[in-house]
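# Working through the structure, step by step
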Amino acid sequence: MKPIDIKRPKHKITTVVPCYNEEAVIELFYQEICRVAEEMKEQAEFEFLFVNDGSKDQTLAKMRQLRAQDARVKFLSFSRNFGKEAAMYAGLEHSTGDFVAIIDADLQHPPEMIKEMYRSITEDGYDSAAACRVSRKGEPKLRSYISKKFYRVLGRLSQIEVVDGEVDYRLMSRPMVNAVLQMSERNRFTKGIFSWVGFNTKWLPYENVERAAGETKWSFFKLMKYSLEGIIGFSTVPLALVSILGIVFCVLAFLTILYIVIKTLIWGDPVGGWPSLACMILGVSGIQLFCMGILGQYLGKTYLEVKNRPLYIASVIETEEEEEPGV
Ligand code: UDP
Ligand code: MG
């Protein structure tokens, strides 16, 4: 376990808050997080870092307002919507705290848990403390079912362990933040990245909370895309499966040839059985296309990585410390 720096009187905690069309909740969130900061003022000072992920509503204006009234508030604004993963990365990159919390703006991640997370790291010696939902109250049944299955499959296919009910809400110590920042891949699957970088994580259970206001940004299609990202980003097992499938079909073909040759030699019936042939051609070409699709997925991801495009483009960066008057 990590030795704890007890000489420093106060730690700095940065809260990274990705926001996409969150005008309805951002102020509410700010009030809540301020309350937590007030309660923790003996141990830590706060920096509230909001990342506007190309919102189309008044989110940016609200951020400016908050910054005007509170020097702890900082924000970045993307030139368009780059997705939550990019927003989290940008937030971590611009964070200056000894500890960094990633938290949703919609109050589904109870801000007061930061106190317990902070205790877990500073007193129990963990490197990170993360929240996991013990219930999925208020979420569509089908969605819960599919995501449970997905994480099980992902666990089997890769070395990545995603805890059941894991959400993107955690407090990390600086070394872990730096490790996460080193993983600057374009196709980001943060839950996998957190698991991949290692470090000791304490899991803190909490009851699912419904959104304070506004609506979820995750459509079914977006979730499917996210799942694929997870599997392709952290496992090459599908590629191996393609090869195995190829071998299985070769063996099957060989056995069928043997059967046909022997059958023809004994009974001499060379033309019979064309419907089965048609089915086989259809079946095998289907499998071939499917396998090519899998290869294509990996190729596509490789293509995007090779281009080495930036993860996000920020159009406004307001993260400078305000100069104190008279200094
Ligand atoms: N979010 C974002 N960019 C996106 C989608 C979402 O920054 O493209 C933010 C959103 O503002 C919120 C968090 O990510 O703070 C979680 O999003 P949401 O509440 O829609 O997801 P859910 O809680 O339903 O999983
Ligand atoms: Mg939410």
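Residues numbered from 1 in each chain as written. Chains lettered and ligands numbered in written order. Predicted model: local features only at pLDDT ≥ 70, side-chain atom pairs only at ≥ 80, totals over all residues. Heavy atoms only, no water.

## Details of empty space enclosed by the protein
Scanning all chains against the criterion turns up 1 cavity of 30 Å³ or more. Its volume calculated, the largest cavity comes out at about 30 Å³. Lining the largest cavity are Glu 85, Met 88, Tyr 89, Leu 92, Ile 102, Val 180, Arg 188 and Thr 190. Per element, the largest residue contribution to the lining of the largest cavity is 4 residues, and it comes from helix 3 (residues 84-94). (1 Å grid on protein atoms, 1.4 Å probe; cavity = no way out; pocket = protein on both sides within 12 Å on 5 of 7 lines; lining within 4 Å. Points joined across faces, edges and corners; volume = space filled by probe spheres on them. Helix = DSSP H or I, 4+ residues; strand = E, 2+ residues; numbered from the N terminus.)

## Brief notes about the side chain of Asp 127
Secondary-structure assignment places Asp 127 in the loop between helix 4 (113-122) and strand 5 (128-133). You can call Asp 127 buried: its relative accessible area is 8%. (Buried < 20%, exposed > 50% of the residue type's maximum accessible area, 1.4 Å probe, protein only.)

## Section: the nonpolar core
Counting 37 residues, the largest nonpolar core has Ile 13, Phe 48, Phe 50, Ile 114, Tyr 169 and Leu 171 as its most contacted members. No other element matches the 7 residues that helix 1 (residues 26-39) contributes to this core. Setting aside anything within four residues of it in sequence, one finds Phe 48 in contact with Thr 15, Tyr 30, Ile 33, Cys 34, Ala 37, Asp 70, Arg 72, Val 73 and Lys 74. Judged by nonpolar contacts, the second largest core, of 35 residues, contains Phe 78, Leu 181, Val 197 and Ile 231. (Core = buried A, V, L, I, M, F, W, Y, C linked by side-chain atoms within 4.5 Å. Contact = heavy atoms within 4.5 Å.)

## Describing the environment of Met 292
Structurally, Met 292 can be placed in helix 10 (residues 274-307). Relative accessible area serves as the criterion here: at 54%, Met 292 is assigned to the exposed category. Separated by 50 residues in the primary sequence, Met 292 and Val 242 place their C-alpha atoms 8.8 Å from one another.

## What to know about a positive patch on the surface
Residues Lys 148, Lys 149, Arg 152 and Arg 156 make up a contiguous surface patch of positive charge. Position of Arg 152 relative to the elements: it lies in helix 5 (residues 141-157). The partly exposed category is assigned to Arg 152, whose relative accessible area is 48%. (Patch = residues over 30% accessible without salt bridge, like charges linked within 9 Å, V, L, I, M, F, W, Y side chains within 5 Å. Areas by Shrake-Rupley, 256 points an atom, 1.4 Å probe, with all protein chains shown as cover. Salt bridge = Lys/Arg side-chain N within 4 Å of Asp/Glu carboxyl O. Lys, Arg positive; Asp, Glu negative; His and termini not counted. Charge placed at Lys NZ, Arg CZ, Asp CG, Glu CD.)

## A few points about the packing of aromatic side chains
The relative placement of two aromatic rings is captured by the distance of their centres and the angle of their planes. Taken as a whole, this structure holds 10 aromatic pairs when the rule is applied. These aromatic residues form a ring-pair network of at least three members: Phe 150, Tyr 151, Phe 189, Tyr 226 and Phe 234. Above the ring of Phe 194, the side-chain terminus of Arg 170 is found at 4.2 Å from the ring centroid. (Phe/Tyr/Trp six-rings, centres within 6.5 Å; stacked < 30°, edge-to-face > 60°. Lys NZ or Arg CZ within 6 Å of the ring centre and 35° of its normal.)

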